[in-house]
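For reference, the chains in residue letters:
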Amino acid sequence: MKTLIAVLGTAALAFTSSLAMAADKPTDPQIAHIAYSAGAIDIEAAKLALSKTTNPEVKAFAESMQKDHAAVNEMALALVKKLNVTPEDNATSQSLAKAGEEERAKLHKLQGAAFDKAYIDNEVAYHKQVNGALETLLIPSAQNAELKGLLETGLKLFQGHEQHAEHVAASLK
């Protein structure tokens, strides 16, 4: 249990620290990269869950995360192509990627119910952080109306993910 708490605390701290770096009002190309990176991280976590879990609820949740985040990332890629914008790598995206890799490495070591609980608890924390960043930093900082609209659509979807993760987490207790 102490390990689980440490893992979740580290993941939330890493994400919060990453977003603090972006507090200087990121540009639209940076926002596009941050949003895409956050989605890619959750896709990779879902792939790991699908390879490890035997719990039907966790599996269904991971399938949903993989499908939904891939769809949003495809829309984001189509939008940046349409706008002729090149997403700009930045310290926040790099920090998110590093934290995502570290979290997957920790989760990879777990098995069975311990894995399921850690994965779902991390998904709850991760979606809370992403949703908070969308609401308070990324959406208000976006200058392009279409980018802002995509982020707002993503926020609605990801709020649903957070609720779904909380529901699954409650069933695992």
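Report follows, based on the coordinates. (Residues numbered from 1 in each chain as written. Predicted model: local features only at pLDDT ≥ 70, side-chain atom pairs only at ≥ 80, totals over all residues. Heavy atoms only, no water.)

Quick look at the packing of helix α3 (residues 56-83) against helix α5 (residues 112-141)
At a minimum axis separation of 11 Å, α3 and α5 run at an interaxial angle of 40°. Here α3 is positioned oblique relative to α5, judged by the angle of their axes. Crossing of α3 over α5 shows left-handed handedness. Residues Val58, Phe61, Ala62, Met65 and His69 of α3 form the contact with α5, whose own contacting residues are Asp116, Tyr119, Ile120, Glu123 and His127. Tallied by class, residues from the contact of α3 with α5 come to six nonpolar, two polar and two charged. (Axes fitted to C-alpha atoms, helices over the stretch in contact; angles between N-to-C directions. Helix = DSSP H or I, 4+ residues; strand = E, 2+ residues; numbered from the N terminus. Parallel < 35°, antiparallel > 145°, perpendicular 65-115°, else oblique. Left-handed = near helix turned anticlockwise from the far one by under 90°. Contact = heavy atoms within 4.5 Å. Nonpolar A, V, L, I, M, F, W, Y, C, P; charged D, E, K, R; others polar.)

Examining the pattern of salt bridges
Applying the stated criterion to the full structure yields seven salt bridges. Close ionic contact of Glu44 with Lys47 constitutes a salt bridge, the shortest N to O distance being 3.5 Å. Taken together, the residues Glu44 and Lys47, both in helix α2 (residues 28-52) and three residues apart, mark about one turn of the helix. Classification of Lys47 by relative accessible area gives partly exposed; the value is 40%. (Salt bridge = Lys/Arg side-chain N within 4 Å of Asp/Glu carboxyl O. Buried < 20%, exposed > 50% of the residue type's maximum accessible area, 1.4 Å probe, protein only.)

Description of the packing of α3 against helix α6 (residues 145-172)
Where α3 contacts α6, the two axes come as close as 11 Å, and the packing angle between them is 170°. Of the possible angle classes, the one that applies to α3 and α6 is roughly antiparallel. Contacts between α3 and α6 involve Glu57, Val58, Phe61, Met65, Asp68, His69, Val72, Met75, Ala76, Leu79, Lys82 and Leu83 on the former and, on the latter, Glu146, Leu147, Leu150, Leu157, Phe158, His161, His164, Ala165, His167, Val168, Ser171 and Leu172.

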